[in-house]
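Now for the letters of each chain:
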Amino acid sequence: MSVLVLAMVITMLPMNTQAATVKLNKKAATIYVGEKVTLKLNGAKSVSWSSSNKKIATVTSKGVVKGVKAGSCKVTAKNKKTGKSYTCKVTVKALKKFALNEELFRFNGAGNSIWYDEDITKELAGATIKVDGNKVDPSGIWSNGHTGIDCAKVKDGNHKVTISKKGYETFTINLEYEAPTFSNNLVD
């Protein structure tokens with residue numbers, strides 16, 4: 001009987017449950033203008049978000065921070081249940097400009113490569129290059145008398161080339177391709 005009473009007393013005692021730790025997933029974040037980063041307040045179910053300077057970075061109700069202008073600000077997550085606030089320092093960096101110009105680029109005679117006149121291989125390293133919206137394989141950068149970017153064969157006319165890279169403004173040019181014509185075994 002005493003064992004039964006003891007078991008009943010133990011089950012009636014309050015359980016010592018440890019509260020879930022509430023923690024912001026980042027204390028600091030660095031992004032570029034136009035770039036986004038998602039913050040999360042782990043361990044909290046209901047959160048409100050705010051930015052100390054919306055001209056530098058904005059934040060959505062889901063914690064998605066977007067860089068607007070170079071500078072720094074604080075993004076605050078407030079746990080609605082406890083009222084406690086957590087902050088993340090957000091640094092927004094300005095985008096760099098590519099040291100490129102339209103005159104550097106031209107299609108080769110076959111229309112399956114874009115040649116460029118200067119050694120801009122380092123500038124293009126890590127960049128995403130697209131011709132008419134189709135991604136070009138970055139390993140297609142080569143050198144053999146000419147330096148160029150392999151691409152799918154293009155047809156006569158204007159073609160949009162975009163070069164993008166993290167931390168840089170997107171560089172866009174329009175290149176015209178005109179297939180060479182042959183007459184009497186000579187290329188016009």
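Please refer to the structure higher up on the page.
The notes below deal with the structure included here. Nothing here was measured: the structure is a model prediction, and the numbers come from that model.

## Observations concerning the pattern of salt bridges
This model, assessed by the stated rule, comprises two salt bridges. Between Glu169 and Lys97 there is a salt bridge, with the nearest N and O atoms lying 4.0 Å from each other. With Glu169 in the loop between strand S16 (157-164) and strand S17 (171-177) and Lys97 in the loop between strand S9 (85-93) and strand S10 (105-107), this residue pair connects regions lying 72 residues apart in the sequence.

## Overview of the packing of aromatic side chains
What the rule picks out here adds up to four aromatic pairs. With 4.7 Å between their ring centres and 20° between their planes, Phe98 and Tyr168 make a pair best called stacked. Of the two residues, Phe98 is situated in the loop between S9 and S10 and Tyr168 in the loop between S16 and S17; the sequence distance between them amounts to 70 residues. Where Phe107 meets Tyr177, the ring centres are 5.8 Å apart and the plane angle is 75°; that geometry is what we call edge-to-face. One end of the pair, Phe107, is in strand S10; the other, Tyr177, is in strand S17, and 70 residues separate them in sequence. Residue classification places Phe107 among the buried residues on the basis of a relative accessible area of 9%. Members of the aromatic cluster, each reached through a chain of ring pairs, are Phe105, Tyr116 and Phe171.

## Details of the pairing of strand S5 (residues 47-51)
Residues Val47, Trp49 and Ser51 line the buried face of S5, whereas the alternating positions Ser48 and Ser50 sit on a face that is not buried. Looking at chain direction, S5 and strand S8 (residues 71-79) are connected through five bridges and run antiparallel. Within S8, the position partnered with Ser48 by the bridge is Lys78.

## Here's the deal with the sheet that holds strand S7 (residues 64-67)
Overall, antiparallel pairing links the three strands, which are arranged S3-S7-S6 in an open sheet. The outermost strands of the open sheet, each flanked by one partner alone, are strand S3 (36-38) and strand S6 (57-59). Between one strand axis and the next, the sheet turns by 20° as a mean value, whatever way the strands run. Where S3 meets S7, three bridges bridge the pair, whose relative direction is antiparallel. If you follow Lys36 over to S7, its bridge partner there is Lys66.

How each quantity is defined
- Residues numbered from 1 in each chain as written.
- Predicted model: local features only at pLDDT ≥ 70, side-chain atom pairs only at ≥ 80, totals over all residues.
- Heavy atoms only, no water.
- Salt bridge = Lys/Arg side-chain N within 4 Å of Asp/Glu carboxyl O.
- Helix = DSSP H or I, 4+ residues; strand = E, 2+ residues; numbered from the N terminus.
- Phe/Tyr/Trp six-rings, centres within 6.5 Å; stacked < 30°, edge-to-face > 60°.
- Buried < 20%, exposed > 50% of the residue type's maximum accessible area, 1.4 Å probe, protein only.
- Pairing = 2+ DSSP bridges.
- Axes fitted to C-alpha atoms, helices over the stretch in contact; angles between N-to-C directions.

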